[in-house]
Amino acid sequence: MNGFALAYESFDPAGEGLREALTSTGNGYLCSRGAAEWEDAGGAHYPGTYVHGVYNRETTILGGLPVLNEDLVNLPNWLVLKLRIEGADAVRLADVELLDYRHELDIHRAVVTRELRFRDAAGRETALRSRRFVSMADPHRAGIEWTLTPRNWSGRVEVISAIDGRVTNEGVARYLELEGRHLNPVSPRTFGAEVIALKVQTRQSNIYISQAARTRVFRGSEPLAVERSLYQMEDYIQQVLAFDVRQGAPVRVEKMLTLSTSRDAATSDTLAKAGTSALRQPDFEEALQGHVSAWEELWRVCDVRVRGDERVQMLLRLHVSHILQVCSRHTADLDAGVPARGLNGEAYRGHVFWDELYVFPFLGLRMPEITRELLMYRYRRLDEARAAAREAGFGGAMFPWQSGSEGKEETQRVHLNPLSGRWEPDLSRNQRHVNAAIFFNIWHYFQATRDLAFLREYGAEMMVEIARFWTSIAWFNPDRERYEIHGVMGPDEFHEKYPGAQEGGLRNNAYTNVMVAWLCGLASEVLSLLPASRADALRARLEISEHELRLWQDMSRRMFVPFHGDGIISQFEGYEALGELDWDGYRAKYGNIQRLDRILRAEGDDPNRYKIAKQADTVMLFFLFSPAALRRLFERLGYEYRADTAARNIAYYDQRTSHGSTLSLVTHAGVLAALDPDSSWERFVAALNSDVEDVQEGTTREGIHMGVMAGTLDLMQLAYPGTEIRDDVLHFEPRLPGSIQELSLTMQFRRTPLLVTLDQDTLTVALHPEGASGPVRVGAGGEIRELRPGDRYVLRLPPARPAEERRIDG
C-alpha cells in the first residue's frame, strides 16, 4: 500500500457494484463507473456514465397515482469493448477460467486498471490489461487502452467497439418500479473510417448528448492495419476491428472518447462537435500525460498527508479523489450543484441536498473559485425559491430539500421501504433547515475569502431572502414572549411528525431555531459590509424596511429553544414525552439497526414514538459552532449555557442515535475531538471506512456519499487542528488524535496559501514566499501573529491531558 492505491486481487461478482462505484473516474464534468468494458449491464455490472446537470423528468403511475421524478440521466455507454477469439462468442468472465485478476484504482493518477489472465474453452490462455481515465486536462475527453497478449496461441481476433444508447436508469433496486427511460435516439454517424458517434436527446428536458469514439490498434508504436465492419441502429453503433495476433506479442487497442452536450458553451451541433474533436484527439499515452499533469496540480493543492496509519492515508486520498471527480475547476464553468451521491450512481436521483454543508469547507479552503460557482447554482434558482415560498404562504425564499435542474422541490411524495416492500409517505420536504445551511455556506465562504464582490452581487441577496423566509414561517407566542417555528423537520429523519398526527412536521426543532437565531442576528449586519451605494440599492430593490431589520434582531434574541431534564436541549418540543427504545433488544434481533425507521415500520410500529435519531440533530449545533460562539448564541437568547452543556447533550443523544446516516459519524467525531479523543477517532475511522466497506449494506454501489467523504477531510482540516475563522483571524486549537504522528495540509485563507503541519508537540504554519495576496493573521496558543509571505510560525503545544480526564459519560 503506497497511500495512492485501492486494489482488489480477485474477482468477486457480489462486490463488483461497490468496486465500480469506488473505482469510478471523473473530472468534475463527467464521470464513468469503474465497470469492466467487456461486461453488459445487469447482474454484477452497471456501466453508468453521468454529466453534471443532465436531468430529465418522467412520470410513473403507482396505484393509479402519477408520481413525477427528476433523475440525473444515465448516458449512453461508451465503455463497450469486447473481445472475440477465432470467431467464438465475446469473452465474459463468467465464461472463462480466470487464472489471475487485479482491479486497481491509481488514486494519484485517477486511472483504473484491470489486469487479467484467462483460459477459454479451447484452452487458449490470454493476458489482458485495461487502463482507463476520464481526462482532468480536457473535461470532454476520456480514453481506454487495452494491451492484449496471446500466451499460448496465435490467430485472429475481433474487437467490438461500440456506443450503446439503449440504456436506462436502473442502478437502484428501490427505484425499479419508477420510469427509468430518459433518452430518445437521434442518430448514429461515422467520421471517417476510425470514428463512430451517437447522438441522443433527453425525453423531457430536451438536452442533446453526443459521444464520439476513435478506436485504433497498435503493435508497439506503429498502427496495425485492421479490417473494419460497421453496424448501426438509431440508438446503437459499433465497429468490429479484425486482425491477427501472434503468441507472446502484445497488441494495444485504444478507444478515445469525446462527449458534448447542448448545455456546453461554444456548442452548436453536439454531434459535429464530438466527432470533430474525436478526430483531433491525441493518442492514449499523450492524453494520459496531460491528464496526470492536471491531477499533479490538484494534489499539490488538495493532498492531506498523515503519518502513522497507512490505511487512513490511503482512504483520505481516495476521498479527496472522489470529491475532485465531482467538484473540480471544470465544475466552476458549469451551472452545477453538489449531488449528494456524486456522479457515479443514481441514488437520490442525482439531487442536491444539504450535504454541501460538509463539502464546501474542504473546497473553500483550497479552491474557493469552485465553492463560489457551486453557490451560484443556488443563486440562479433564487427566483424559484421565492416562488416556492409564495405558493406555501411564506415570504422570502424557500429553497427545496431536494434540488435538481430548476430548483423546484424534487422530493418524492412516497418512497419504498425495502424491508416491507411498501410505498410509504415521504415527508422529508419539511426539512427547511436546508435554507439555514445555504445561509451558513455563504457566510463561511465569505469568511474564508473575503469575496466582497460575491457578497455584493449575489450572497447578500440570498441571505436577506432566507432570513425573510424564516421571519415569515415563525410566529410570536405572547405567552412565552418568544418566536416559534412549527411544521418542520430537523436533520433527524426518524421524526417526521408527532405520533398519530395526520400532518407532517414538528414544533420548535432546536437545531432549526438556534440556526435561525444566528442567521437573523447576522442578516442585518451583512448589509453593513456592503458599500453604502450597494446596500442602499439592495434595500430599495428588496424593500427592506427598518421594521424588518428590527424584527431580525428581535428574533435573534427571542427564538424559543426547548429543554428537558437537567440542561438537555430537546430535539424538538415534546421530545421528552416519547418512549425509550429497547436498543439492546433490537441489536440482538436485527444486528445492524442503522435504519431503525424501516425496521420499526416493517413491524407495524412508528419511529416517531421513540427517543431515537437516525443522525445528529441537536448535536449539529456543537459541530457547526465553536463552544465560545455557541455560548454567545445561547446567552443572547437568554438561556443558560453551562461548562458541561456540550458534554451532557452529546452523551445524551449519542446513546439514542443509530447513525443511519454516515454524516452522523462525522458530526459525532467532530464534537468529540476535544472532549473524548479516543471516541472521536473511533467515529472518524468508522466514517472513513463507511463507503469502502459499504457499511449500509449495498448503498455505496448506488453512488458514493459526498458528505461523509468530504466530512472526513473536514475533520482533518477543521476538527483536529481546531481551525476556526474568527474576527478575520485564522485560529488553531490543535487536538491531534494519538493514532496520528503528523498531519500536513495546505489551505488558502483570503487568497493566501498556507502549509499547516501538526504533530503531537508542534503546530507549524508557513506562508509560501510566492503567491500570497498579502499578510494574514493567525491565532494559536492565546496569541495572534501577522504572517507575511515566506514567514513561518512555530508553536510548541502543551502536553495532552490523559484520556481519562477528558472522556465523557455515554
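In this report, we go over the structure that sits alongside the text. Worth saying up front: this structure is predicted, and the values here are computed from it rather than measured. Per-chain numbering applies: the sequence of each chain, read as written, is numbered from 1 onward. Local features are withheld for residues below a pLDDT of 70 in this predicted model, meaning they are given only at 70 or higher, and side-chain atom pairs are given and counted only at 80 or more; totals for whole chains, interfaces and linings count all residues. The basis for the side-chain values is all heavy atoms of the structure; hydrogens and waters are excluded.

Overview of the side chain of Thr331
Numbered from the N terminus, helices here are DSSP runs of H or I no shorter than four residues, and strands are runs of E no shorter than two. Tracing the sequence through the fold places Thr331 in the loop between helix 4 (310-326) and helix 5 (356-364). Any pair of N or O atoms that falls within 3.5 Å is considered a polar contact. Within protein, one atom must be able to donate a hydrogen and the other to accept it, and sequence-neighbouring residues count only if both atoms are side-chain atoms. Here Ser328 takes part through its backbone nitrogen, which lies 2.8 Å from a polar atom of the side chain of Thr331. Any two residues whose heavy atoms approach within 4.5 Å are treated as being in contact. With residues near it in sequence (within four places) discarded, Thr331 still touches Gly28, His52, Val326, Ala336 and Leu374.

Some remarks on the environment of Ala501
Within the fold, Ala501 resides in the loop between strand 24 (482-488) and strand 25 (506-507). Each residue gets one of three labels from its accessible area relative to the maximum for its type: buried under 20%, exposed over 50%, partly exposed in between, using a 1.4 Å probe on protein chains only. Here Ala501 falls in the partly exposed class, since its relative accessible area comes to 24%.

Topic: the pairing of strand 15 (residues 208-219)
Burial of strand 15 is extensive: 10 of the 12 residues sit out of reach of the surface. Two strands qualify as a pair provided that DSSP identifies no fewer than 2 bridges between them. Two strands pair when backbone bridges link them, and strand 14 (residues 195-202) and strand 15 are joined in this way by seven bridges, in the antiparallel orientation. The residue of strand 15 that forms the bridge with Ile196 is Ala213. One ladder, built from 10 bridges, connects strand 15 with strand 19 (residues 251-261); its direction is antiparallel. Paired with Gln211 across the two strands is Leu259, which belongs to strand 19.

Notes on helix 7 (residues 382-391)
Within the sequence span of helix 7, burial applies to Leu382, Ala385, Arg386, Ala387 and Ala389. Taken together, the buried residues of helix 7 touch helix 6 (368-379), helix 9 (452-473) and helix 11 (532-542). The first or second residue beyond helix 7 is Gly393, which carries a positive phi of 85°.

Re the sheet that holds strand 31 (residues 752-759)
Spatially, the five strands line up as an open sheet ordered 20-30-31-32-35, and their pairing is antiparallel. Edge positions in the open sheet fall to strand 20 (304-307) and strand 35 (792-796), since each of these has one partner strand only. Across the sheet, the mean angle from the axis of one strand to that of its neighbour is 15°, orientation sign disregarded. Relative to strand 31, strand 30 (residues 742-749) runs antiparallel, the two sharing eight bridges. Counterpart to Gln748 in the pairing with strand 31 is Pro753. Here the axes come from fitting lines to C-alpha atoms, over the contacting stretch only for helices, and the angles between their N-to-C directions go from 0 to 180 degrees.

Quick word on the nonpolar core
Within the largest apolar cluster, 176 residues are counted, with the highest numbers of intra-cluster contacts made by Trp354, Phe625, Phe684 and Met716. Sorting elements by how many residues they give to this core places helix 10 (residues 510-529) first, with 13 residues. Contact partners of Met716, with chain neighbours within four places excluded, come to Val304, Val306, Val312, Leu316, Trp681, Phe684, Pro721, Ile740, Leu743 and Leu745. Residue types Ala, Val, Leu, Ile, Met, Phe, Trp, Tyr and Cys, when buried and joined through side-chain atoms within 4.5 Å, form a set referred to as a nonpolar core. Ranked by size, the runner-up nonpolar core spans 49 residues in total, among them Ile85, Leu128, Ile144 and Val217.

Quick word on the packing of helix 5 against helix 20 (residues 706-719)
One way to put it is that helix 5 packs onto helix 20 with a least axis distance of 8 Å and a crossing angle of 50°. It follows from the interaxial angle that helix 5 and helix 20 lie oblique. As helix 5 packs across helix 20, the resulting crossing turns out to be left-handed. Residues Tyr358, Val359, Pro361 and Phe362 of helix 5 pack against Met706, Gly707, Ala710, Gly711, Leu713, Asp714, Gln717 and Leu718 of helix 20. Residues were grouped as follows: Ala, Val, Leu, Ile, Met, Phe, Trp, Tyr, Cys and Pro as nonpolar; Asp, Glu, Lys and Arg as charged; and all remaining residues, including Gly, as polar. Class assignment for the residues of the contact of helix 5 with helix 20 results in eight nonpolar, three polar and one charged. For this classification, under 35 degrees means roughly parallel, over 145 means roughly antiparallel, 65 to 115 means roughly perpendicular, and everything else is oblique. Each crossing gets its hand from how the near helix is turned against the far one by less than a right angle, where anticlockwise is left-handed and clockwise is right-handed.

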